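# Remarks on the overall topology
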Amino acid sequence: MTANAWAPGASDERWFDEGLYRSVTGLADRTPGPLDTAVSLWSAYGLALFGALLLAAWWRARPAAGAPRSSARAVMALAAPLALVLAYVVGLALKSVMREQRPCQTLHTITIEACPPLGDWSLPSNHAAIAAAAAVALLFVDRALAAVAVPAALLMAGSRVWVGAHYPHDVVLGLLVGSVVAWALMSLARRTAPLAERLHDTPLRPLVARR
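Residues numbered from 1 in each chain as written. Predicted model: local features only at pLDDT ≥ 70, side-chain atom pairs only at ≥ 80, totals over all residues. Heavy atoms only, no water.

### Thoughts on the confidence of the model for the protein
Per-residue confidence for the protein averages 83 on the pLDDT scale, and 80% of its residues sit at or above 70. Taken together, the stretch residues 3-12 has pLDDT below 50 and engages in 28 contacts with residues farther than four places along the chain or on a different chain. (pLDDT = per-residue confidence, 0-100. Contact = heavy atoms within 4.5 Å.)

Take a look at the structure:
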């Protein structure tokens, strides 16, 4: 556990969910070490799971040889990583506008992880945005894998509060940003998918169909 006191120069803002944040981090402080370690590892490295799910979705989306030449799902699977990148960029842009200090910088609390430095803004949570973007993108491409990604995205959001990096409203906004960005981009990809049929007759065919 890392003790974090109020940092000089941090804003004195207070948020409606400050009490909930204190309750969650307090519970984390009383939780056995192995569970805290597991949550911390998930918080730090869990985004890799979403990358693996997107790769699996693309692999499963390509029609097999001899199957009807429908590449819509494959094209959407190719567009899915762009949704994650765009969600991250939008999150960074919002952070630069909101300029909300991390709760571990403004509150006297004990957190699992060391607090990020001043100027590493908190709102929205990029981890939550990326996880939500992956989950929504998979809803368009592969519902079976989305059944894994959706609860995993919620766990990612919750873990960011548990380790002390974000207020609850930070992760809620992150989930919203990722969901909206992914829905918009994947809807566009679905509409333009018929244009990708021509890829079947080019060297790029393996991107949209199996050999």
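So that's the structure; there's more coming.
### Some points on the environment of Ala134
With respect to the helices, strands and loops of the structure, Ala134 is situated in helix 6 (residues 126-141). Residues Ala134 and Ser179, spaced 45 residues apart in sequence, show a C-alpha to C-alpha distance of 8.4 Å. Residues within four places of Ala134 in sequence aside, it is in contact with Phe50, Leu54 and Leu84. (Helix = DSSP H or I, 4+ residues; strand = E, 2+ residues; numbered from the N terminus.)

### Overview of the packing of aromatic side chains
The final tally for this structure, using the stated rule, is three aromatic pairs. Here Tyr21 and Tyr167 contribute two aromatic rings whose centre-to-centre distance is 5.6 Å and whose plane-to-plane angle is 55 degrees, an arrangement assigned as tilted. Residue Tyr21 is found in helix 1 (residues 18-30), and its partner Tyr167 is found in the loop between helix 7 (143-162) and helix 8 (168-192); the two are separated by 146 residues along the sequence. The burial state of Tyr21 is the same as that of Tyr167; both residues are buried. Ring geometry for Trp42 and Phe50: centres 6.2 Å apart, planes at 50 degrees, overall tilted. Since its relative accessible area comes to 23%, Trp42 is described here as partly exposed. (Phe/Tyr/Trp six-rings, centres within 6.5 Å; stacked < 30°, edge-to-face > 60°. Buried < 20%, exposed > 50% of the residue type's maximum accessible area, 1.4 Å probe, protein only.)

### A look at the environment of Leu55
Within the fold, Leu55 resides in helix 3 (residues 47-61). Residue Leu55 is classed as exposed on the basis of its relative accessible area, which comes to 56%. As for Leu55 and Pro81, which are separated by 26 residues in sequence, their C-alpha atoms are 9.1 Å apart.

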